[in-house]
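Close look at the chain arrangement
The residues making up each chain are set out below.
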Amino acid sequence: MDPKLTDQATPSPAEGDRATPENAPKTNAAGRWRSLWQGQWGNLRVLAIALAIALTVRVLIAEPRYIPSNSMDPTLHIGDRLLVDKVSYRWQPPHRGDIVVFAPPPQLTRLGYETRQAFIKRIIGEPGQTVAVVQGQVLVDGQPLQEPYILEPPAYTLDPVTVPAGQVFVMGDNRNDSNDSHVWGGLPQQNIIGRARFRFWPLDRLGPVS
(Lines give C-alpha, C1' and ligand atoms only; values in the text may rest on other atoms or scores of the structure.)
Protein backbone atom coordinates (compact mmCIF):
# COMPACT_ATOMS: atom_id res chain seq x y z
CA MET A 1 0.00 0.00 0.00
CA ASP A 2 1.24 3.44 -0.90
CA PRO A 3 1.92 5.27 2.35
CA LYS A 4 1.00 8.57 0.69
CA LEU A 5 -2.49 7.33 -0.17
CA THR A 6 -2.98 6.07 3.31
CA ASP A 7 -2.09 9.47 4.75
CA GLN A 8 -4.55 11.20 2.44
CA ALA A 9 -7.46 8.78 2.78
CA THR A 10 -7.37 8.24 6.54
CA PRO A 11 -6.67 11.28 8.74
CA SER A 12 -4.10 10.70 11.34
CA PRO A 13 -5.04 11.18 14.99
CA ALA A 14 -3.16 14.44 14.91
CA GLU A 15 -5.27 15.73 12.00
CA GLY A 16 -8.47 14.66 13.73
CA ASP A 17 -7.37 16.48 16.83
CA ARG A 18 -6.80 19.61 14.80
CA ALA A 19 -10.38 19.54 13.56
CA THR A 20 -11.94 19.38 17.06
CA PRO A 21 -10.82 22.82 18.33
CA GLU A 22 -12.53 24.56 15.39
CA ASN A 23 -15.93 23.66 16.85
CA ALA A 24 -14.98 23.68 20.53
CA PRO A 25 -14.87 27.48 21.09
CA LYS A 26 -18.53 27.84 20.06
CA THR A 27 -19.65 25.06 22.38
CA ASN A 28 -17.45 26.21 25.25
CA ALA A 29 -18.48 29.87 24.86
CA ALA A 30 -22.17 28.98 24.95
CA GLY A 31 -21.60 26.82 27.99
CA ARG A 32 -19.68 29.55 29.74
CA TRP A 33 -22.42 32.12 29.05
CA ARG A 34 -25.08 29.71 30.23
CA SER A 35 -23.10 28.95 33.38
CA LEU A 36 -22.46 32.66 33.99
CA TRP A 37 -26.16 33.53 33.54
CA GLN A 38 -27.22 30.75 35.87
CA GLY A 39 -24.76 31.96 38.47
CA GLN A 40 -25.89 35.59 38.13
CA TRP A 41 -29.57 34.58 38.22
CA GLY A 42 -28.91 32.74 41.47
CA ASN A 43 -27.23 35.85 42.88
CA LEU A 44 -30.13 38.05 41.76
CA ARG A 45 -32.63 35.76 43.46
CA VAL A 46 -30.62 35.85 46.69
CA LEU A 47 -30.42 39.66 46.47
CA ALA A 48 -34.16 39.96 45.81
CA ILE A 49 -34.98 37.74 48.78
CA ALA A 50 -32.59 39.71 51.01
CA LEU A 51 -34.17 43.02 49.94
CA ALA A 52 -37.67 41.67 50.52
CA ILE A 53 -36.71 40.52 54.01
CA ALA A 54 -35.02 43.85 54.78
CA LEU A 55 -38.07 45.83 53.62
CA THR A 56 -40.44 43.59 55.56
CA VAL A 57 -38.36 43.97 58.70
CA ARG A 58 -38.15 47.75 58.27
CA VAL A 59 -41.85 48.24 57.60
CA LEU A 60 -43.30 45.77 60.10
CA ILE A 61 -40.72 44.87 62.75
CA ALA A 62 -37.87 47.30 63.33
CA GLU A 63 -36.01 50.15 61.69
CA PRO A 64 -32.86 52.19 62.32
CA ARG A 65 -33.10 55.83 63.34
CA TYR A 66 -30.59 58.51 64.24
CA ILE A 67 -30.79 61.33 66.76
CA PRO A 68 -30.74 64.79 65.13
CA SER A 69 -31.04 67.00 68.24
CA ASN A 70 -30.02 67.25 71.89
CA SER A 71 -33.55 67.11 73.32
CA MET A 72 -32.88 63.69 74.87
CA ASP A 73 -29.51 64.51 76.44
CA PRO A 74 -27.94 62.94 78.43
CA THR A 75 -29.68 59.65 77.52
CA LEU A 76 -29.24 60.07 73.77
CA HIS A 77 -26.73 62.25 71.97
CA ILE A 78 -26.79 63.86 68.55
CA GLY A 79 -25.70 61.27 65.99
CA ASP A 80 -26.64 58.21 68.04
CA ARG A 81 -28.06 55.38 65.92
CA LEU A 82 -30.95 53.40 67.35
CA LEU A 83 -32.98 50.33 66.52
CA VAL A 84 -36.69 51.09 66.89
CA ASP A 85 -39.07 48.25 67.80
CA LYS A 86 -42.28 48.57 65.76
CA VAL A 87 -43.97 45.39 66.96
CA SER A 88 -44.43 45.38 70.74
CA TYR A 89 -47.13 48.09 70.86
CA ARG A 90 -49.40 45.88 68.78
CA TRP A 91 -49.87 43.67 71.83
CA GLN A 92 -49.36 46.07 74.73
CA PRO A 93 -49.92 49.80 75.29
CA PRO A 94 -47.09 52.28 75.78
CA HIS A 95 -46.00 52.82 79.38
CA ARG A 96 -44.34 55.52 81.39
CA GLY A 97 -40.59 55.49 80.91
CA ASP A 98 -40.69 54.15 77.35
CA ILE A 99 -38.65 56.17 74.86
CA VAL A 100 -40.75 56.45 71.72
CA VAL A 101 -40.27 57.64 68.15
CA PHE A 102 -43.36 59.30 66.69
CA ALA A 103 -44.71 61.33 63.81
CA PRO A 104 -45.60 64.93 64.72
CA PRO A 105 -49.10 65.30 66.17
CA PRO A 106 -51.69 67.61 64.55
CA GLN A 107 -50.63 70.47 66.83
CA LEU A 108 -47.22 70.47 65.15
CA THR A 109 -48.30 69.75 61.58
CA ARG A 110 -50.47 72.85 61.78
CA LEU A 111 -47.29 74.79 62.56
CA GLY A 112 -45.60 73.48 59.43
CA TYR A 113 -43.88 70.29 60.59
CA GLU A 114 -43.98 67.58 57.92
CA THR A 115 -45.62 64.27 58.72
CA ARG A 116 -42.51 62.37 57.54
CA GLN A 117 -40.45 64.04 60.28
CA ALA A 118 -39.97 62.00 63.45
CA PHE A 119 -39.53 63.01 67.08
CA ILE A 120 -38.18 61.03 70.01
CA LYS A 121 -39.24 61.59 73.64
CA ARG A 122 -39.90 59.73 76.87
CA ILE A 123 -43.44 58.86 77.99
CA ILE A 124 -44.22 60.54 81.30
CA GLY A 125 -47.99 60.29 81.56
CA GLU A 126 -50.41 57.57 80.46
CA PRO A 127 -54.10 58.03 79.55
CA GLY A 128 -56.13 59.34 82.48
CA GLN A 129 -53.11 60.44 84.51
CA THR A 130 -52.49 64.05 85.50
CA VAL A 131 -49.09 65.63 84.84
CA ALA A 132 -47.79 68.85 86.39
CA VAL A 133 -44.46 70.60 86.87
CA VAL A 134 -43.99 72.47 90.11
CA GLN A 135 -40.74 73.99 91.39
CA GLY A 136 -38.57 71.95 89.07
CA GLN A 137 -40.31 68.67 89.86
CA VAL A 138 -42.51 66.61 87.56
CA LEU A 139 -45.61 65.27 89.32
CA VAL A 140 -47.85 62.48 88.04
CA ASP A 141 -51.16 62.22 89.87
CA GLY A 142 -49.62 64.45 92.51
CA GLN A 143 -46.63 62.17 93.11
CA PRO A 144 -43.09 63.38 92.27
CA LEU A 145 -41.23 61.28 89.74
CA GLN A 146 -37.74 59.98 90.44
CA GLU A 147 -35.89 60.86 87.27
CA PRO A 148 -32.15 60.10 87.32
CA TYR A 149 -32.08 60.25 83.51
CA ILE A 150 -32.77 63.99 83.05
CA LEU A 151 -30.07 66.56 82.28
CA GLU A 152 -31.42 69.11 84.75
CA PRO A 153 -34.73 69.94 86.49
CA PRO A 154 -37.27 71.81 84.36
CA ALA A 155 -37.03 75.57 84.76
CA TYR A 156 -40.73 76.11 84.01
CA THR A 157 -44.10 75.51 85.60
CA LEU A 158 -46.88 73.39 84.11
CA ASP A 159 -50.38 73.50 85.50
CA PRO A 160 -51.99 70.07 85.97
CA VAL A 161 -52.93 68.44 82.66
CA THR A 162 -54.99 65.26 82.44
CA VAL A 163 -53.90 63.00 79.58
CA PRO A 164 -56.88 62.22 77.30
CA ALA A 165 -57.83 58.65 76.36
CA GLY A 166 -55.77 57.37 73.44
CA GLN A 167 -52.92 59.74 74.15
CA VAL A 168 -49.70 59.90 76.16
CA PHE A 169 -47.72 62.79 77.63
CA VAL A 170 -44.11 62.89 76.42
CA MET A 171 -41.10 64.94 77.49
CA GLY A 172 -37.45 65.16 76.48
CA ASP A 173 -34.80 64.23 79.04
CA ASN A 174 -33.21 67.60 78.31
CA ARG A 175 -36.22 69.27 79.88
CA ASN A 176 -35.21 72.86 79.20
CA ASP A 177 -34.44 72.34 75.51
CA SER A 178 -37.22 70.08 74.32
CA ASN A 179 -40.27 70.72 72.16
CA ASP A 180 -42.62 68.27 73.85
CA SER A 181 -46.02 67.79 75.47
CA HIS A 182 -45.47 70.59 77.98
CA VAL A 183 -45.59 72.89 74.92
CA TRP A 184 -48.13 71.28 72.57
CA GLY A 185 -50.11 68.81 74.70
CA GLY A 186 -50.83 65.10 74.43
CA LEU A 187 -49.47 62.76 71.78
CA PRO A 188 -52.02 60.51 70.02
CA GLN A 189 -50.87 56.91 70.41
CA GLN A 190 -51.59 56.31 66.72
CA ASN A 191 -48.67 58.63 65.92
CA ILE A 192 -46.16 56.39 67.68
CA ILE A 193 -43.86 54.67 65.19
CA GLY A 194 -42.18 52.46 67.77
CA ARG A 195 -40.10 52.16 70.88
CA ALA A 196 -36.36 52.88 70.91
CA ARG A 197 -34.75 49.66 72.10
CA PHE A 198 -31.08 49.48 71.22
CA ARG A 199 -28.24 51.86 70.39
CA PHE A 200 -25.89 50.37 67.80
CA TRP A 201 -23.73 53.46 67.23
CA PRO A 202 -21.37 54.72 68.50
CA LEU A 203 -19.76 51.45 69.47
CA ASP A 204 -18.48 52.75 72.79
CA ARG A 205 -22.12 53.32 73.85
CA LEU A 206 -23.53 50.15 72.32
CA GLY A 207 -26.41 48.69 74.29
CA PRO A 208 -30.08 48.88 75.34
CA VAL A 209 -31.81 52.25 75.57
CA SER A 210 -33.67 53.13 78.75
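About the cut-offs
- Residues numbered from 1 in each chain as written.
- Predicted model: local features only at pLDDT ≥ 70, side-chain atom pairs only at ≥ 80, totals over all residues.
- Heavy atoms only, no water.
- Pairing = 2+ DSSP bridges.
- Helix = DSSP H or I, 4+ residues; strand = E, 2+ residues; numbered from the N terminus.

1. Concerning the sheet that holds strand E6 (residues 137-140)
On the basis of which strands lie adjacent, the open sheet formed by four strands has the order E7-E6-E5-E8 and antiparallel pairing. The open sheet has two edge strands with one neighbour each: strand E7 (143-144) and strand E8 (158-162). Pairing geometry for E6 and E7, over two bridges, is antiparallel. Looking across to E7, one finds that Leu 139 is bridged to Pro 144.

2. Here's the deal with unusual backbone geometry
With an omega of 0 degrees, the peptide bond between Asp 73 and Pro 74 qualifies as cis. Position of Pro 74 among the secondary structure elements: in the loop between strand E1 (62-66) and strand E2 (81-85). In this model, Trp 201 is joined to Pro 202 through a cis peptide bond whose omega is 5 degrees. Structurally, Pro 202 can be placed in the loop between strand E11 (192-201) and strand E12 (207-208). Its identity is not glycine, yet Gln 135 carries a phi of approximately 50 degrees, on the positive side.

Shape descriptors only; they carry no functional weight alone.
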